[in-house]
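# Inside the fold
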Amino acid sequence: MNFLRGVMGGQSAGPQHTEAETIQKLCDRVASSTLLDDRRNAVRALKSLSKVCNFVNVLSFLSWILVTLVTFLFFMCRNIAWKWVYKLWNILFMFYKQIEENSTRQSEDLGSQFTEIFIKQQENVTLLLSLLEEFDFHVRWPGVKLLTSLLKQLGPQVQQIILVSPMGVSRLMDLLADSREVIRNDGVLLLQALTRSNGAIQKIVAFENAFERLLDIISEEGNSDGGIVVEDCLILLQNLLKNNNSNQNFFKEGSYIQRMKPWFEVGDENSGWSAQKVTNLHLMLQLVRVLVSPTNPPGATSSCQKAMFQCGLLQQLCTILMATGVPADILTETINTVSEVIRGYQVNQDYFASVNAPSNPPRPAIVVLLMSMVNERQPFVLRCAVLYCFQCFLYKNQKGQGEIVSTLLPSTIDATGNSVSAGQLLCGGLFSTDSLSNWCAAVALAHALQENATQKEQLLRVQLATSIGNPPVSLLQQCTNILSQGDKIDRRGSKIQTRVGLLMLLCTWLSNCPIAVTHFLHNSANVPFLTGQIAENLGEEEQLVQGLCALLLGISIYFNDNSLESYKKEKLKQLIEKRIGKENFIEKLGFISKHELYSRASQKPQPNFPSPEYMIFDHEFTKLVKELEGVITKAIYKSSEEDKKEEEVKKTLEQHDNIVTHYKNMIREQDLQLEELKQQVSTLKCQNEQLQTAVTQQVSQIQQHKDQYNLLKIQLGKDNQHQGSYSEGAQMNGVQPEEIGRLREEIEELKNNQELLQSKLTEKDSVIENLKSSQTSGTNEQSSAIVSARDSEQVAELKQELATLKSQLNSQSVEITKLQTEKQELLQKTEVFAKSVEVQGETETVIATKTTDVEGRLSALLQETKELKNEIKALSEERTAIKEQLDSSNSTIAILQTEKDKLELEITDSKKEQDDLLVLLADQDQKILSLKNKLKDLGHPVEEEDELESGDQEDEDDESEDPGKDLDHI
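Computed from a predicted model, the values in this text were never measured in an experiment. (Residues numbered from 1 in each chain as written. Predicted model: local features only at pLDDT ≥ 70, side-chain atom pairs only at ≥ 80, totals over all residues. Heavy atoms only, no water.)

Those residues of helix H33 (residues 569-579) that sit buried are Lys 569, Leu 572, Lys 573 and Ile 576. Along the axis of H33, the buried positions cluster into a sector of 100°, meaning they face one direction only. What points out from H33, more than 90 degrees from its buried face, is the exposed set Lys 578 and Arg 579. Two residues or fewer past H33, Gly 581 is found with a positive phi of approximately 100°. (Buried < 20%, exposed > 50% of the residue type's maximum accessible area, 1.4 Å probe, protein only. Helix = DSSP H or I, 4+ residues; strand = E, 2+ residues; numbered from the N terminus. Arc of directions from axis to C-beta.)

Structural data, given as structure tokens:
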């Protein structure tokens, strides 16, 4: 102990020792001492020494400490001496604690080196994981702390070791079930570090029932009113769900979204918002946004949105949205959360449109939010959140777009002025003196027109009253007027923000809407203004405005239907070439996509900007620029002939598409008719089966009655034998006349019943004959044009006749019951039932015949549908063949044109050669003539050209007459 005091206090009880030697000796003592006191003193000395040692000097000997501690832990755990294990853990904690508290780069490197030494042998981490299975607090809790420190220093390496360790993650998940809150809470922190940026571990933790355990802890701790433990659990849930589609799907299918609803039951509180509660609720809202983020797959997002509406989570969020006393940051995050819960899901968007603020009179929540957006006194982040909410409400929501635009139309504006509509708020923000309000209103109005040609045309009807006494102007004209004024109006905020917002609105409005382009070009001042803006050489800040003006002018060319004579496509292109230049125009157009704020806005739909000056581009507008920039560039360089050819090709394709669409509609209608007929046939089959069942029952009843009749007939014979003696006795008693009268009355009644039944049978026979005759005549007169109508009438008639037959069968059953009590008329009643069975058989034959007829017509319709499909296929093949022939003809024309050019070049060369030969011949003749004249002057005789030719001819004749002379001469 004196030696240890010397080391600790700087005094020496013996010879001087270095720190490294001291640590080595203490480790040796811990590892090899046989006395428990010696080991205990060595551990205490190491613990004390760890507080004052220079780590740089002892780093090389840390491995000795680690080996010693791990070995000692292994044996001590087996001996259940947890108190000393706890102290050994603390020695390691001292190293890590000092490393983490010291912020110097040297200490950070030292911590990484220390961790690297520890995990160099993976058995150390495996042993540490096995020690966490021990329930003793003095082993498990320090082990959790140590493993957490290792993950903080070298997370990816430690994660990989744990991932490959058998049951490594499962052992750590058991920490969440520990009854001791300290270990459980530190286990949550450990899992936070373990699941950070590792998808494989995140999936394993999720499937180890982590969601159930974490949600239980949050509920036990009081949901949003809980403490730091709730915050830690929410951070762990975010690690498990963010950018992990598998875990998100597992979370949804496990019905865990329903358990999130109680988190937001905060009520309308004016006080009691502690800092921890604000933090917890903020994390809860972020967790909801993770599940419905626009970056998730669309199918997963929509299923989560559906679950949130069905369980009432969206309704609860809207309650917080409209509550009073909610902190500003929570309100902002709630608006962003509601935005993504309703984005692109029609049911949720419709519900949000029906939400009203608790005011007097009640106002729609959309109107209340827009009032905050155009109010320059509101915080910037809140205004951005409201704009995002409005954008999400209109995203893929044509119904909502129509409702917003309708509030601007004259027929729907409240003349009393008692209520403010969304359209009025947008117009007020569009023409205010606050540049940020101008930009937000312009972008919001552009989203009401996004991919909706109908609303773009409807918005052209909007008229604005500029001042008293002046006629109203259209909204389109007012936007261009403000745009042309530029910086002449004194506005608060950015100089170009208003113009950029208006230009984005106009570009969105005019794209894919030729009617709006015509209205825009109808104002003769618009095109000169745009060309003037593009042609000027302005500063760097104005280059963005020039690029947007070039985009607007390009849209006016590309979507121009040439309805205005003075502003046709070709004339606008000529104007650009004369005043701007095509290359300069394309260069100015490229300024948009090259702007640094363009790339930032194109990343996420949410308008998230650090300050109003950065609020320049909208996400949806960046997609529009990307779509149109290339096509506008091609349109500028195209010639008029190429435009004509392209229009002709478009018309041809449209004609073919119309034909195909027509046939598709016909096929669709025929399919519907076939389905209806199939349903009718199936209904008739069911009714036929029911009737067959009823007939079978009647036949069995008749058979029973026949048997009863036979029995009664036998009994009647016996009664007749006794009747003689009985009548004699009656005569003797004076009773016979009364009995005879009564029997006669009964006989008359039975005869009347028989005649009535006979008349009914006659009526049934006539009905059957009418059915047969109508069936025969109907079959001959039917045609394919009215198949479905006649079938439906016959089906109705069959249903009525079947109902009549059913009622007749019922009446006959009643009559059979009555006839059972009459002995004398059993034979006649039995025959009536037999005839009724025959009538039923004939009715079944008629139904079967009509069913067969309907099925034949169905097969004919199917055959006709098949023929139409074959015709469509043939037309498509013919179209493909014509297109191939056109391509082949074009290539042939190009080849022939090339050959023609070559031939023309050869002809030109031949003509030049002929001219040169003629010149040479003329020179030669001139020289010959001059030589002849010189010979004449010298007195030499010169033969004329004709004599020479005749002489030559004679010589040729001589040679032909005597060829042997020449041979002899030779």
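It is worth spelling out helix H29 (residues 497-510) at this point. Helix length check: H29 (14 residues) gives 20 Å between terminal C-alpha atoms against 20 Å at 1.5 Å per residue, within 8%. Within H29, 14 of the 14 residues are buried, leaving the element largely enclosed by the surrounding structure. Phi for Asn 512, located one or two positions after H29, is positive at around 60°. (Expected span 1.5 Å × (residues − 1).)

Here we come to the packing of helix H32 (residues 543-558) against H33. Two numbers describe how H32 lies on H33: the axes approach to 9 Å, and their chain directions differ by 150°. Taken together, the axis directions place H32 and H33 in an arrangement best described as roughly antiparallel. Facing Leu 553, Ser 556, Ile 557 and Tyr 558 of H32, the residues of H33 in contact are Lys 569, Leu 572, Lys 573 and Ile 576. For the contact of H32 with H33, the residue count by class is five nonpolar, one polar and two charged. (Axes fitted to C-alpha atoms, helices over the stretch in contact; angles between N-to-C directions. Parallel < 35°, antiparallel > 145°, perpendicular 65-115°, else oblique. Contact = heavy atoms within 4.5 Å. Nonpolar A, V, L, I, M, F, W, Y, C, P; charged D, E, K, R; others polar.)

When pLDDT is averaged across the protein chain, the result is 77; 70% of the residues are at 70 or more. Per-residue pLDDT stays below 50 along residues 1-17; that stretch engages in 16 contacts with residues further than four places along the chain or on separate chains. Note on residues 775-792: pLDDT under 50 across the span, and 14 contacts to partners over four residues away in sequence or across chains. (pLDDT = per-residue confidence, 0-100.)

Our next topic: the side chain of Glu 340. Its place among the elements puts Glu 340 in helix H20 (residues 328-342). Side-chain polar atoms of Glu 340 contact the side chain of Arg 289, separated by 3.0 Å. Setting aside chain neighbours within four positions, we find Glu 340 in contact with Arg 289, Val 292, Ser 293, Pro 294, Gln 305, Tyr 388, Cys 392 and Gln 606. (Polar contact = N/O pair within 3.5 Å; in protein donor to acceptor, adjacent residues only side chain to side chain.)

Turning to the packing of helix H15 (residues 228-241) against helix H17 (residues 275-291), a few remarks are in order. Orientation of H15 relative to H17, taken along the N-to-C sense of each, is 15°, at an axis distance of 9 Å. Considering the angle they form, H15 stands roughly parallel to H17. Seen along the crossing, H15 lies across H17 with a hand that is left-handed. Within the contact between the two elements, H15 uses Ile 228, Val 230, Glu 231, Leu 234, Ile 235, Leu 237, Gln 238 and Leu 241 and H17 uses Gln 276, Thr 279, Asn 280, Leu 283, Met 284, Gln 286, Leu 287, Val 290 and Leu 291. In terms of residue class, the contact of H15 with H17 is made up of eleven nonpolar, five polar and one charged. (Left-handed = near helix turned anticlockwise from the far one by under 90°.)

The next subject is a negative patch on the surface. Residues Glu 906, Asp 909, Glu 913, Asp 915 and Asp 916 make up a contiguous surface patch of negative charge. Along the chain, Asp 915 falls in helix H41 (residues 826-938). (Patch = residues over 30% accessible without salt bridge, like charges linked within 9 Å, V, L, I, M, F, W, Y side chains within 5 Å. Areas by Shrake-Rupley, 256 points an atom, 1.4 Å probe, with all protein chains shown as cover. Salt bridge = Lys/Arg side-chain N within 4 Å of Asp/Glu carboxyl O. Lys, Arg positive; Asp, Glu negative; His and termini not counted. Charge placed at Lys NZ, Arg CZ, Asp CG, Glu CD.)

Another point: the pattern of salt bridges. Per the stated rule, a full pass over the model turns up 14 salt bridges. Its salt-bridge partner being Glu 333, residue Arg 289 comes within 3.0 Å of it at the nearest N-O pair. Taken together, the residues span a long stretch of sequence, with Arg 289 in helix H17 and Glu 333 in helix H20 at a distance of 44 residues. Judged by relative accessible area, Glu 333 falls into the buried class, the value being 9%. Taking the shortest distance from any N to any O, the salt bridge between Arg 383 and Asp 434 comes out at 3.2 Å. Within this pair, whereas Arg 383 is found in helix H23 (residues 380-394), its partner Asp 434 is found in the loop between helix H25 (422-430) and helix H26 (435-447), the two being separated by 51 residues in sequence. Both residues of the pair, Arg 383 and Asp 434, belong to the buried class. Salt bridges sharing partners connect three or more residues here, namely Arg 140, Asp 178 and Arg 180.

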